[in-house]
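# Summary of structural features
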Amino acid sequence: RVLLGALATAGMGAVALQHELAKELGALERLVRQLESHTKDDGSGDLTQAIFALKNWVQMASQTRKMFSPFFDAEDREKMKRVRVKRVVERLSSNLSPLLRGIKVETDSIPDDLRLPQGTLAGWNAVFQNIFVNAVNAMLDSKVKRIRCRAHVDDGGHARLVIEDTGVGADLELAEEYFKPFVRKLDLPEDRKALGLGGMGIGLTIVQMVCQTFGCKARFIKPRSPFKTAFEISWED
């Protein structure tokens, strides 16, 4: 509880800082444009290279800010609504691209009209961020790095969203243990732990807590080849 409280407080502080960062990035962009207007060399000079580096930094910082976008708007934080699965997964995976290490989340196998159960965008962001970060961590040493999302509704009206990856795999006999607080499946490198990206043993606890609040179930299932891990979220459509 103490760790969750500390992380929640840090998260609220990070969201507050994003507003100030947005103003600073805007000011920096204006300064870069001013510098560009006074640069007349052929593109190989030190000033031009510095401007290019600054523009890249601004772009990267702006992309990083998008990870917090579900928290900027009160409606995204608080309003419960049924959102389209494919649209939300694509939006959130795009926002989380700085954490995905260049891995694209495949969504072709999600029906366009399928909707998640009622929930907030901020809540679903917590679910998918933890699932995707877990997948990326599991694929650190994999030659082929893929995350695929597929979904369907069976004849009984049960909707199922499955997120698969080509990482180290999960032992289904121990799968229930992974949802318990502070149970760690992977031994992450210290640099990855230092970023706070997994390794604390609470990611799946958060996923299960949010899913239960939104009226759906989360569990590991047997993956389809060539994937090694499959995580399923299911609900009544």
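One structure accompanies this document, and this report is about it. Note that the structure is a prediction, hence the values are computed from the model and not measured.

### Remarks on helix α7 (residues 203–213)
Restricting attention to buried positions, one finds in α7 the residues G203, L204, T205, I206, V207, V210 and C211. Along its buried surface, α7 packs onto α1 (2–37), α5 (121–138), β4 (217–221) and β5 (229–236). Note on α7: the residue one or two positions beyond its end, G215, has a positive phi of about 80°.

### Notes on the pairing of β5
β5 sits mainly inside the fold: seven of its eight residues count as buried. In terms of strand pairing, strand β3 (residues 158–165) meets β5 through eight bridges, oriented antiparallel. Pairing of A159 across the sheet is with W235, part of β5. Pairing of β4 with β5, which is carried by five bridges, proceeds in the antiparallel orientation. The partner of F220 across the bridge, within β5, is F231.

### Some words on the sheet that holds β5
Strands in a sheet are paired, the pairing made by backbone hydrogen bonds, and the direction either parallel or antiparallel. Ordered by their spatial adjacency, five strands build an open sheet running β1-β2-β3-β5-β4, and the pairing between neighbours is mixed. For this open sheet the edge positions go to β1 (105–109) and β4, each flanked by a neighbour on one side alone. Strand-to-strand, the axes of this sheet are offset by a mean angle of 25°, without reference to chain direction. Each of β1, β2 (147–153), β3 and β5 is contacted by α5, which is oriented at about 35° to β3, the strand it contacts most.

### Here's the deal with the nonpolar core
Core analysis: the largest hydrophobic core is formed by 48 residues, its most contacted members being F128, F132 and I233. Looking at this core, the elements with two or more residues in it are α4 (85–95), α5, β2, β3, α7, β4 and β5. The leading source of residues in this core is α5, at nine residues. Ignoring sequence-local partners within four residues, the contact set of I233 consists of V127, F128, I131, A159, R160, L161, I163, C211, C216 and K217.

### Observations concerning the packing of aromatic side chains
Inspection of every chain in the model, using the stated rule, returns seven aromatic pairs. On the basis of an interplanar angle of 55° and a centroid distance of 5.0 Å, the ring pair of W124 and F214 is categorised as tilted. Placement of W124 in helix α5 and of F214 in the loop between α7 and β4 is noted, with a sequence separation of 90 residues between them. The class of F214 is buried, set by a relative accessible area of 10%. Ring centres of Y178 and F220 lie 5.7 Å apart, and the angle between their planes is 80°; on these two criteria the pair is classed as edge-to-face. Pair noted here: Y178 is in the loop between β3 and α6 (190–194) and F220 is in strand β4, with a separation of 42 residues, a long-range link. Of the two residues, Y178 and F220, both sit in the buried class. Three or more aromatic residues joined by ring pairs make a cluster, and in this case those are W124, F128, F132 and F214.

Thresholds, definitions, all that
Residues numbered from 1 in each chain as written. Predicted model: local features only at pLDDT ≥ 70, side-chain atom pairs only at ≥ 80, totals over all residues. Heavy atoms only, no water. Buried < 20%, exposed > 50% of the residue type's maximum accessible area, 1.4 Å probe, protein only. Helix = DSSP H or I, 4+ residues; strand = E, 2+ residues; numbered from the N terminus. Contact = heavy atoms within 4.5 Å. Pairing = 2+ DSSP bridges. Axes fitted to C-alpha atoms, helices over the stretch in contact; angles between N-to-C directions. Core = buried A, V, L, I, M, F, W, Y, C linked by side-chain atoms within 4.5 Å. Phe/Tyr/Trp six-rings, centres within 6.5 Å; stacked < 30°, edge-to-face > 60°.

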